[in-house]
Amino acid sequence: MFILSNLINAVATILDLALTVYMWIIIIAALISWVSPDPYNPIVRFLYRATEPVLSRIRRVIPVSGLGIDVSPMIAILGILFLKYFIIPTLVELAYRIKTI
């Protein structure tokens, strides 16, 4: 049981780090979209490839044309924060409870 507890705790830590990094990638991509970036720049291309799969799904549900502003990065960040504040503590608590059994 101790190994399972450590595994769940490690997964929670790595997931927390991955969500934080992805949140910053979305923030940087949103900030770069305010200027006219060079579409052939490797950094701009990476940001687009990393964020567009998630943001395009959100845009399908909440179209940009109706609001006049693209709120998909904000919604994605709220989703990430929900996962960070709900899923991560739940996994840590589960690991703790397994350890005490």
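None of these values were measured; they are calculated from a predicted model. (Residues numbered from 1 in each chain as written. Predicted model: local features only at pLDDT ≥ 70, side-chain atom pairs only at ≥ 80, totals over all residues. Heavy atoms only, no water.)

What follows deals with the overall build of the protein chain. For the protein chain, the helix and strand inventory stands at 4 helices and 0 strands. Ordering the α and β elements of the protein chain from the N terminus gives α-α-α-α. Expected size for 101 residues packed as a compact globule is a radius of gyration near 13 Å; at 18 Å, the protein chain overshoots this value by more than 25%. Principal axes of the C-alpha set define a box for the protein chain whose edges measure 55 × 30 × 15 Å. If you take every contact in the protein chain between residues at least 6 apart in sequence, the share linking residues at least 24 apart comes to 65%. As displayed, the protein chain has an accessible area near 7300 Å², and 74% of this comes from carbon and sulfur atoms. Mean positive and mean negative side-chain charge positions of the protein chain (8 and 5 charges, respectively) differ by 6 Å. (Helix = DSSP H or I, 4+ residues; strand = E, 2+ residues; numbered from the N terminus. Rg over C-alpha atoms; globule rule 2.2 N^0.38 Å. Contact = heavy atoms within 4.5 Å. Areas by Shrake-Rupley, 256 points an atom, 1.4 Å probe, with all protein chains shown as cover. Lys, Arg positive; Asp, Glu negative; His and termini not counted. Charge placed at Lys NZ, Arg CZ, Asp CG, Glu CD.)

Once that is clear, we can look at the side chain of T51. With respect to the helices and strands, T51 occurs in helix α2 (residues 42-61). By relative accessible area, which is 4% here, T51 ends up buried. When neighbours within four sequence positions are excluded, T51 is seen to be in contact with Y22, I25, I26 and A29. (Buried < 20%, exposed > 50% of the residue type's maximum accessible area, 1.4 Å probe, protein only.)

Counting 8 residues, the largest nonpolar core is built from L19, M23, I26, L55, I58, A76, I77 and I80. Of all the secondary-structure elements, those providing two or more residues to this core are α1 (2-33), α2 and α4 (72-100). (Core = buried A, V, L, I, M, F, W, Y, C linked by side-chain atoms within 4.5 Å.)

Once that is clear, we can look at the environment of I58. Relative to the elements of secondary structure, I58 occurs in helix α2. Accessibility expressed as a relative area gives 16% for I58, which makes it buried. Distance from I58 to G68, taken between C-alpha atoms, is 15 Å for residues 10 residues apart in sequence. In this structure, I58 is in contact with S72, I75 and A76, ignoring residues within four places of it in sequence.

This part takes up the pattern of salt bridges. Across all of its chains, the model carries 4 salt bridges by this definition. Where D16 meets K84, a salt bridge forms, and the shortest distance between an N and an O atom there is 2.5 Å. Here the residue D16 occupies a position in helix α1, and K84 occupies one in helix α4, the gap between them amounting to 68 residues. Across the salt bridge formed by R59 and D70, the nearest N and O atoms sit 3.1 Å from each other. Separated by 11 residues along the polypeptide, R59 in helix α2 and D70 in the loop between α3 (64-67) and α4 bring together distant segments of the chain. Through salt bridges that share partners, E52, R59 and D70 make up one connected network. (Salt bridge = Lys/Arg side-chain N within 4 Å of Asp/Glu carboxyl O.)

Take it as geometry only, folks, not as evidence of what the structure does.
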